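Fold and contact review
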Amino acid sequence: MNNAAPVQSENQAAPTAQQLEFNITGMTCAACANRIEKKLNRLDGVTATVNYAVEKAYVEADPQRTAMIIETVSQLGYGAQVYEQRQETTADLMEHTAVELRALKRRTIFAGVLTVPVVLISMIPALQFDYWGWIVGALATPVVFGAGFTFHRAAFKNLRRGATTMDTLVSAGTLAAYLWSMVALVFGTAGHPGVRHELSIAALLGAHGGTHGALSDVYFEVAAGVIFFILLGRLFEKRAKKQSAAALTELSTLAVREVTVMRGDEQRVIAVTELRVGDHFVVLPGQQVATDGVVVTGHSAVDAALITGEAAPVSVGPGSSVVGATVNTTGRLVVRATAVGSETQLAQMAQLLEQAQAQKAELQRLADKISGIFVPVTMFLAVLTLGVWLLLGASVAAALSAAMTVLIIACPCALGLATPTALLVGTGRGAALGIMISGPVALERAARLDNIIFDKTGTLTTGNMALAAVAVAPDVSRETIFKAVVALESYSEHPAGKALVNGLLQELREVQPRLAQESVLVAEQDLGAQEDSAAKQVLLAELQGLISEFEVLPGRGVTAKLHVGEDDPHPVYAGNAKLFRELDFGVDPTLSEALESYQNAGYTVVLAGSQGVVSAVFGVSDTLRDDSAAAVQEIVKMGIEPVLLTGDNERAAAQIAGQLGITRVISGALPADKISHVKALQEQGQKVVMVGDGINDAAALAQADLGIAMGAGTDAAQAAADIVIVNSKLADVTTALRLARRTQRTIVGNLFWAFAYNTAAIPLAAFGLLNPMLAGAAMALSSVFVVANSLRLRSFK
């Protein structure tokens, strides 16, 4: 017999796990979500998270297991359906929500109309006529078995599978009250003429005080009242939960459906799904931009408030980037599409919010565990309460009332909603403000920080550098070195390199008229915004032909081989002083003086040279963001120590730090150094947040306890970050941290309320100090309170 393991065929692809999303129906409490999650995670190759607040399951599994997942959820008594957000229209989403709310509203009104007279007659002796018990019993029956049918059906299904949920508690409590009342009517004295319920504090808090023996009391008002109050609570809860998830729904409704695309000289209206990268499309005044792109022709102001949270429209013209779903307010624009479908910023924002919903915070996991065991514990306590009361000689009515109250008051709905609703509203509010939060874990970390490390260029400063000063060695041709530096730095992505290219092109106009004629557009406008300029292509093609074997030297500069005339190509370098010290290049005294002068002025200094000699020194200046100083001051007020971490020289870094009031400065840091500095703080037990925007910040962003990236930064930085500031405003960093703290306080408040409520209420119920009907009202209102408290985050500013 061959016992060797089977070898997988090369043509047989191994199963690939993907992120799947399912709508879950039929859940009534966090215990339901916890039960589904546990069952799904027992399946081979399946990792699942079930979120009761948004009624969804997020599953990582082979798509071929979809049917098995749906069947497993169905076997538990719930419904599961694959969720495809981008295939659902706004009308579908709104109609689905409206149908659910209408059905629940009808049940609630039906229950309320019948319950009000039942409660009034049962609680007010003046309204109690002969045989009143039979009337209230008749009114309560359709409430218990009609409006409350879903509770009993769910409880029965769960009971068959050996499980308990909130429905079990509600069903057991209301059926016990109803059946006891029927027994009292048929076999006791409750249905006799002259029987009254006394109106007293004791009657309102605990058991009724009947006057004709143990079977003289009826609890129809409890059975009907609990059903009504819980339905009313669920109605408010469902409305509030839909509001708390509104941010994601709003994002999904922003996308444009149709677009006017240019095909040659013709314009055609097509579905936006047919749009491709590189297509040119028209955006008229008042229309939304169909997808991310770059303006080709036209000038206008674009309202990006829905995406960035920035109220003021932004002026755009040829070369300006625009984001899909923003609104063109004035002029006609022709835009070239640079991203479509799932690659657009809007789609990525929606995806980030979906991922945030799928995650669970530490506090939420703790609450879910407690909710999972709370129901069976409550069932045990109810039975124990019934037994103890009977052993102490109390009446069956009093014992039953106390046990029913324990069942009803202990439903853990508030506990299950406390954390996810607050996190959902918090992340949604962040999105509305242009702050993309990756999930609840990021919010938790953002609420507990000790140090915040700022990168300088592009973070504290605008990143829009300009050439401020130039010094060239006496024996070097200005034209030659300028052309070499332009060619070399044109390949660089560093802001200082771009500043050199723009500034030196202007200088070249003065020393070479021929270049000036070809590059006038390039010299007078931002190269980055004029990537399609024919003049730029002519100029740079000529200069870049002088360079080969370009190489980035991380944290130091760039190098390449320079081809001049018939001479052999030789390496040319441009970078900081550290690079040229490593190369041991000689420096002319005049350049040494210029170097020291530029450093004292706080410039970012770039040196250029070849063949063992520094040929020129350039001073590049950057300006602080308008909100940098205020943001740093706010950080200090929050009890977080700001740290400036930069690759610039010590003097330039100190000059910037002095303007901002930052006392802790780390300069001359290579990318690897940034990671080590973050680690050093963490090893001291500090919780560290890193704020940056460049490729050289990505590793440090990933290493930090919390990474915050500027939206205008590189894709690598944003991918490594936990929070992305879409509009790159430094003030929004403090806004994100304050939002995180506010959300955390809301969660703690919600959990305190839920725990305190159950902890205090269960003993009161067990000692007979609560009426079952009032317990039902209190239980329902506790869930409404938690969700409403979370919704207060929507007003955060």
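No experiment lies behind these values; they were computed from the predicted model shown.

Moving on, we get to the confidence of the model for the protein. Put simply, the protein has an average pLDDT of 76, and 76% of its residues get 70 or more. The secondary structure element of the protein with the lowest average pLDDT is helix α19 (residues 513-524), at 38, and the one with the highest is helix α4 (residues 132-147), at 92. Contacts of residues 85-91 to residues separated by more than four positions or lying in other chains number 12 contacts, the stretch itself having pLDDT below 50. Every residue in residues 199-213 scores below 50 in pLDDT, and together they form 39 contacts with partners more than four places removed in sequence or on other chains.

This part takes up the sheet that holds strand β1 (residues 18-25). Here four strands make up an open sheet; going across it, the order is β2-β3-β1-β4 and the pairing antiparallel. Looking at which strands have only one partner, the edges of the open sheet turn out to be β2 (47-51) and β4 (79-82). Neighbour to neighbour, the strand axes of the sheet diverge by 25 degrees on average, direction disregarded. Note that β1 and strand β3 (residues 56-61) share six bridges and pair antiparallel. Bridge pairing links Phe22 to Ala57 in β3. Contacting β1, β3 and β4, helix α2 (residues 66-75) crosses the sheet at an angle of about 30 degrees to β1.

This part covers the pattern of salt bridges. Evaluated as defined, the whole model comprises five salt bridges. With its nearest N and O atoms 3.6 Å apart, the salt bridge here joins Glu641 to Arg664. A residue pair is termed long-range when its members are at least 10 positions apart, and Glu641 in strand β22 (residues 641-645) and Arg664 in strand β23 (residues 664-666) qualify at 23 residues. Residue classification places Glu641 among the partly exposed positions, given a relative accessible area of 32%.

Before going further, it helps to spend a moment on the UniProt feature "transmembrane region" (unreviewed entry) in the protein. Here, UniProt's "transmembrane region" (unreviewed entry) annotation points to residues 109-128, 134-156, 168-190, 218-236, 370-392, 398-426, 747-767 and 773-791. The span residues 109-128 shows a helical share of 75% and a strand share of 0%, and its end C-alpha atoms are spaced 24 Å apart. Helix makes up 96% of residues 134-156 and strand 0%, and the two end C-alpha atoms of the span are 28 Å apart.

A few words now on the nonpolar core. The nonpolar side chains of a soluble globular protein tend to be buried with one another. Counting residues in each nonpolar core, the largest one holds 46 residues, and the members touching the most others are Ile452, Leu706, Ile708 and Leu737. Ranked by residues supplied to this core, first place goes to helix α28 (residues 731-766) with seven residues. Ranked by size, the runner-up nonpolar core spans 37 residues in total, among them Ala140, Val144, Phe220 and Leu231.

This part covers the sheet that holds β22. Taken in spatial order, the seven strands line up as β14-β26-β25-β24-β15-β22-β23 in an open sheet, and their pairing is mixed. Among the strands making up the open sheet, the edge pair consists of β14 (435-437) and β23. Across the sheet, the mean angle separating the axes of adjacent strands is 20 degrees when strand polarity is ignored. In terms of strand pairing, strand β24 (residues 688-692) meets strand β25 (residues 706-710) through four bridges, oriented parallel. Note that in β25 the partner of Gly692 across the bridge is Ala709.

It is worth spelling out the pairing of β3 at this point. Most of β3 is tucked away: five of the six residues are buried. Note: β2 against β3, five bridges, orientation antiparallel. Within β3, the residue paired with Asn51 across the bridge is Lys56.

In this section: helix α24 (residues 650-660). When α24 is considered as a whole, its buried residues turn out to be Ala652, Ala653, Ile656, Ala657 and Leu660. End-on, the buried residues of α24 take up no more than an arc of 130 degrees, which puts them together on one face. Turned more than 90 degrees off the buried face of α24, the exposed positions are Glu650 and Gly658. Those residues of α24 that are buried lie in contact with α16 (456-460), α22 (589-600), α23 (628-637), β22 and β23. One or two positions beyond α24, positive phi appears at Gly661, with a value near 80 degrees.

Rules used throughout
- Residues numbered from 1 in each chain as written.
- Predicted model: local features only at pLDDT ≥ 70, side-chain atom pairs only at ≥ 80, totals over all residues.
- Heavy atoms only, no water.
- pLDDT = per-residue confidence, 0-100.
- Helix = DSSP H or I, 4+ residues; strand = E, 2+ residues; numbered from the N terminus.
- Contact = heavy atoms within 4.5 Å.
- Pairing = 2+ DSSP bridges.
- Axes fitted to C-alpha atoms, helices over the stretch in contact; angles between N-to-C directions.
- Salt bridge = Lys/Arg side-chain N within 4 Å of Asp/Glu carboxyl O.
- Buried < 20%, exposed > 50% of the residue type's maximum accessible area, 1.4 Å probe, protein only.
- UniProt positions renumbered as here; feature names shortened; annotations may be inferred.
- Core = buried A, V, L, I, M, F, W, Y, C linked by side-chain atoms within 4.5 Å.
- Arc of directions from axis to C-beta.

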